[in-house]
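# Notes for the structure review
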Amino acid sequence: MKRSGTPALPLPRMSLDRLLDAPLDDLLAELDVQLVDSTITDRAFFGAYLERRDGARVLSMPVGRPAWERDTAARMLLAEGLGLDAPPVPEQLEVVCG
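Chains are numbered independently. Their residues run from 1 in the order of the written sequence. Local features in a predicted model are, by the rule used here, given only for residues with pLDDT of at least 70; side-chain atom pairs are given and counted only at 80 or more, and totals for whole chains, interfaces and linings are based on all residues. Computation of side-chain values: all heavy atoms of the structure, hydrogens and water removed.

### Here's the deal with the overall build of the protein chain
- Each helix and strand counted, the protein chain has three helices and three strands in total.
- Burial status follows relative accessibility: with a 1.4 Å probe on protein chains alone, a residue under 20% of its type maximum counts as buried, one over 50% as exposed, and anything between as partly exposed. In the protein chain, buried positions account for 32% of the 98 residues.
- All accessible areas in this document rest on Shrake-Rupley with a 1.4 Å probe, and a residue is counted as covered only by the protein chains that are shown. In the form shown here, the protein chain has an accessible surface area of approximately 6,800 Å², with 53% of it arising from carbon and sulfur atoms. Where helices and strands are cited, they refer to DSSP runs of H or I of at least four residues and of E of at least two residues respectively, numbered from the N terminus.

Dropping the structure here:
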């Protein structure tokens, strides 16, 4: 989403194989996304992808979750937030853009 007065960031191009197989730290660096710990403790919260007004990309993830859950949620949020070509998020989960 382009915000008034903010230069649009170029969206990255990435293959589905790269999105699913690359180490998460490599993906975050490649996509220029900062990973931050969230203070939200609700078990239904898996994370949030945000683009700040200055164009910075942030992935906010809850702490204390199993590594596989955090990794899977991060990849789904990145794909959805960046509009990457990936399978849809499972129906049981809700992705809210706002």
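Now that the structure has been shown, the text picks up again.
### Comments concerning the confidence of the model for the protein chain
- As a per-residue measure, pLDDT tells how confident the predictor is, with possible values from 0 to 100. Here the protein chain shows a mean pLDDT of 82. Residues at 70 or above account for 81%.
- Only heavy atoms enter the contact rule, under which two residues are in contact if any of them lie within 4.5 Å. In the predicted structure, residues 1-8 sits below a pLDDT of 50 and forms four contacts with residues beyond four places in sequence or in another chain.

### Thoughts on the packing of aromatic side chains
- The pairing test for Phe, Tyr and Trp rings, Trp by its six-membered ring, is centres within 6.5 Å, and the orientation test on the planes gives stacked under 30 degrees, edge-to-face over 60, and tilted for anything in between. Inspection of every chain in the model, using the stated rule, returns zero aromatic pairs.
- Two conditions define a charge located above a ring, namely a distance within 6 Å from the ring centre to NZ of Lys or CZ of Arg, and an angle within 35 degrees of the ring normal. Looking at Arg65, its charged tip hangs above the ring of Phe46, at a distance of 5.7 Å from the centre.

### What about the nonpolar core?
- Among the nonpolar cores identified, the biggest contains 18 residues, and Val33, Tyr49, Leu59 and Leu78 are the most heavily contacted of them.
- Broken down by element, the residue count for this core peaks at six residues, all from helix H3 (residues 67-82). Residues belong to a common nonpolar core when they are buried Ala, Val, Leu, Ile, Met, Phe, Trp, Tyr or Cys residues joined through side-chain atoms within 4.5 Å.

### Looking at the side chain of Ser38
- With respect to the element layout, Ser38 can be found in strand E1 (residues 33-38).
- Polar contacts here mean pairs of N or O atoms no more than 3.5 Å apart (in protein, one a potential hydrogen donor and the other a potential acceptor; neighbouring residues in sequence count only if both atoms are side-chain atoms). A polar contact of 3.0 Å, which involves the side chain of Ser38, links it to the backbone nitrogen of Ile40.
- When sequence neighbours within four positions are dropped, the list of residues in contact with Ser38 reads Phe45, Ser60, Met61, Pro62 and Val63.

### Here's the deal with the environment of Arg75
- Relative to the helices and strands, Arg75 is located in helix H3.
- In this view, Arg75 contacts Leu19, Leu20, Asp21, Ala22, Pro23, Leu24 and Leu27; residues no more than four positions away in its chain are not counted.
- Within the structure, the side chain of Arg75 is placed 2.7 Å from the backbone oxygen of Ala22, a separation counted as a polar contact.

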